Amino acid sequence: MDNSSKSESNRMSQNDIANGTVIAVHGVRKTYQKGDVEVTPLDGADLEVATGEFLALMGPSGSGKSTLLNLVAGIDKATAGRVVVAGEDITDWDEDRLADWRTRTIGYVFQQFNLMPVLTAYENVELPLLLLPLSRTKRRKLVTTALELVELSDRGKHYPRQLSGGQEQRVAIARAIATDPKIVLADEPTGNLDRASADGVMELLASLNSRFEKTIVLVTHDAAVASRAKRILHLDKGVLVEMDSSLQGVQV
Ligand SMILES: Nc1ncnc2c1ncn2[C@@H]1O[C@H](COP(=O)(O)OP(=O)(O)OP(=O)(O)O)[C@@H](O)[C@H]1O
Ligand SMILES: [Mg+2]
C-alpha cells in the first residue's frame, strides 16, 4: 500500500470507529478466475454495519453472499476496495495476522455445522480456545459457559453423530462464541434444519444480539428467518440494496 492509500485507510477506520460502525465494506469488487471463465459476484459493493446490529443478507444463489461474509472474516481477499472490521483495515493483512485476529473477533456459523466428527461437543467448542494463550481452568470455564448458553450442558460428552441437527448447530454456535467475538457471521445457519430447530437457532442468535450485544450478519434464503433481523439487505448484481418492504415475505 502506498502512503496516500495508507492514510486513506487509516482515516476510514478512524471514521468507522467514531460512527459506531463495526463492519465497513468500501467499494469492494471480487473476481474469481476459473480457467477462461471470470466471475464477479461483488462489483462495487458497499456495506456498513453498526455495532450491535442484527442484519440479514438475502439474494439468489450465486449472488455473492458467502463471498461477502468470507471477505468480512478475512477468509478471502477482495480484488479491489477496502474491508474495515472492528476498527482494523484488514484488506492487506497476511494470513498469520488474519488468523489470530479472526479467532478473537469473528464467530462463524455454517449451514453444515462443520463440527469435527471425532471430537465431542465439549472438545469442538474448546477448539478455537486452544489457539489463544489461556490456562486449562480458564478454557474449561469458557467452554462450560458457552455450552450453558446454548442449553447443551448435558451434551458435552456427546459426539456430533449423537446429536440432532438443531443440537449440532447449537454446539457450532457455542464454538463460534466461545472466544467472545464482537461479530457473529452466520451463513444459512437454518438451511439444514426443520422449522422447530430453525426457530430455536434464531431465538439463540436473537438473544446473542439483544443480551450480549453481538453484531450479527445472517445470510438466509428464508424470509421468515430474515424477518427476525432488524434490517434486511439484498445482494443484487454485485451491490447491496435495501430490501423493499413490499418484497418481504417473498421466498428468494
Ligand atoms: N473459490 C471460488 N472459485 C471460483 N468461483 C467461485 C469461488 N467461490 C465462489 N465462486 C463463484 O462466485 C459466485 C458467488 O458465490 P457465493 O458462494 O458467494 O454465492 P452465494 O450467494 O453464497 O450462493 P448460495 O446462496 O448458493 O450459497 C458464484 O458464481 C460462484 O460460482
Ligand atoms: Mg452461499
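Up top you'll find the structure we're talking about.
Throughout what follows, the structure given in this document is the object of discussion. Along every chain, residues carry numbers that run from 1 in the direction the sequence is written. In the order they appear in the text, chains get letters beginning with A and ligands get numbers beginning with 1. In keeping with the model being predicted, local features are shown solely for residues with a pLDDT of at least 70 and side-chain atom pairs are shown and tallied solely at 80 or more, while totals for entire chains, interfaces and linings include all residues. Note: side-chain values were computed over all heavy atoms of the structure, leaving out hydrogens and water.

### Remarks on the environment of leucine 233
Phase 1 of the analysis: A run of H or I in DSSP becomes a helix once it reaches four residues, and a run of E becomes a strand once it reaches two; helices and strands are each numbered from the N terminus. Relative to the elements of secondary structure, leucine 233 occurs in strand β9 (residues 231-236).
Phase 2 of the analysis: Residue contacts follow a heavy-atom distance rule, with two residues in contact if any of their heavy atoms lie within 4.5 Å. Setting aside anything within four residues of it in sequence, one finds leucine 233 in contact with Leu47, Leu55, Ala56, Leu57, Met58, Leu240, Val241, Glu242 and Met243.

### A short note on the packing of aromatic side chains
Phase 1 of the analysis: Here a Phe, Tyr or Trp ring, Trp counted by its six-membered ring, pairs with any other such ring whose centre lies within 6.5 Å, and the pair is stacked when the planes are under 30 degrees apart, edge-to-face when over 60, and tilted otherwise. Tallying each qualifying case throughout the model produces two aromatic pairs.
Phase 2 of the analysis: With a centroid separation of 4.8 Å and an interplanar angle of 10 degrees, the aromatic rings of tyrosine 108 and phenylalanine 110 are classed as stacked.
Phase 3 of the analysis: Judged by relative accessible area, which is 11%, tyrosine 108 ranks as buried.
Phase 4 of the analysis: Residue classification places phenylalanine 110 among the partly exposed positions, given a relative accessible area of 28%.
Phase 5 of the analysis: Against the face of tryptophan 93 rests arginine 97, its NZ or CZ located 3.9 Å from the ring centre. Each residue gets one of three labels from its accessible area relative to the maximum for its type: buried under 20%, exposed over 50%, partly exposed in between, using a 1.4 Å probe on protein chains only. The rule is short: NZ of Lys or CZ of Arg within 6 Å of the ring centre and within 35 degrees of the ring normal puts a charge over the ring.

### Examining the pairing of strand β4 (residues 80-85)
Phase 1 of the analysis: Between any two strands, pairing holds if DSSP finds at least two bridges. Sheet analysis places strand β1 (residues 21-34) next to β4, joined by five bridges and oriented antiparallel. By the bridge assignment, valine 25 is partnered in β4 with valine 83.
Phase 2 of the analysis: Of the pairings in the sheet, the one linking β4 to strand β5 (residues 88-89) comprises two bridges and is antiparallel in character. Bridge pairing links valine 85 to glutamate 88 in β5.
Phase 3 of the analysis: Where β4 folds back on β5, the antiparallel hairpin that results is connected by two residues, among which alanine 86 adopts a positive phi of roughly 50 degrees.

### As for the sheet that holds strand β10 (residues 239-242)
Phase 1 of the analysis: The six strands lie next to each other as β6-β7-β8-β3-β9-β10, forming an open sheet whose pairing is mixed. At either margin of the open sheet sits one strand with a lone partner, and together these are β6 (106-109) and β10. Across the sheet, the mean angle from the axis of one strand to that of its neighbour is 20 degrees, orientation sign disregarded.
Phase 2 of the analysis: In the packing of helix α6 (residues 165-177) onto the sheet, the strands contacted are β6 and β7 (183-187), and the crossing angle to β6 comes to about 165 degrees.
Phase 3 of the analysis: Lines fitted to the C-alpha atoms define the axes, with helices restricted to the stretch that makes contact. Angles between their N-to-C directions range from 0 to 180 degrees. Strand contacts of helix α7 (residues 195-212): β3 (54-58), β7 and β8 (215-219), with the helix running at about 150 degrees to β8, the strand carrying the most contacts.

### Section: the site of ligand 1
Phase 1 of the analysis: To be near a molecule or strand, a residue needs just one of its heavy atoms within 4 Å of it. Among the 14 residues in the neighbourhood of ligand 1, the closest are listed as Ser61, Gly62, Lys65, Ser66 and Thr67.
Phase 2 of the analysis: Backbone polar atom of glycine 62 to an oxygen atom of ligand 1: 2.8 Å apart, as the coordinates give it.
Phase 3 of the analysis: Alone, ligand 1 offers 630 Å² of accessible surface; in the complex the protein occludes 63% of this.
Phase 4 of the analysis: Counting only elements with at least two residues in the shell around ligand 1, the list comes to β1, β2 (37-50) and α2 (65-72). Between N or O atoms, a polar contact is any pair within 3.5 Å; within protein, one atom must be a potential hydrogen donor and the other a potential acceptor, and residues adjacent in sequence are included only when both atoms are from side chains. All accessible-area figures derive from a Shrake-Rupley calculation using a 1.4 Å probe, and residue coverage is judged against the displayed protein chains alone.

### Details of unusual backbone geometry
Phase 1 of the analysis: Located in the positive-phi region is asparagine 114, a residue other than glycine, with phi close to 55 degrees.
Phase 2 of the analysis: Note that asparagine 114 resides in the loop between β6 and α4 (121-126).

### Details of α2
Phase 1 of the analysis: Taken across its eight residues, α2 has seven buried, putting it largely inside the fold.
Phase 2 of the analysis: Looking at α2, one finds that the buried residues are Lys65, Thr67, Leu68, Leu69, Asn70, Leu71 and Val72.
Phase 3 of the analysis: Positive backbone phi, approximately 70 degrees, marks glycine 74, located one or two places after α2.

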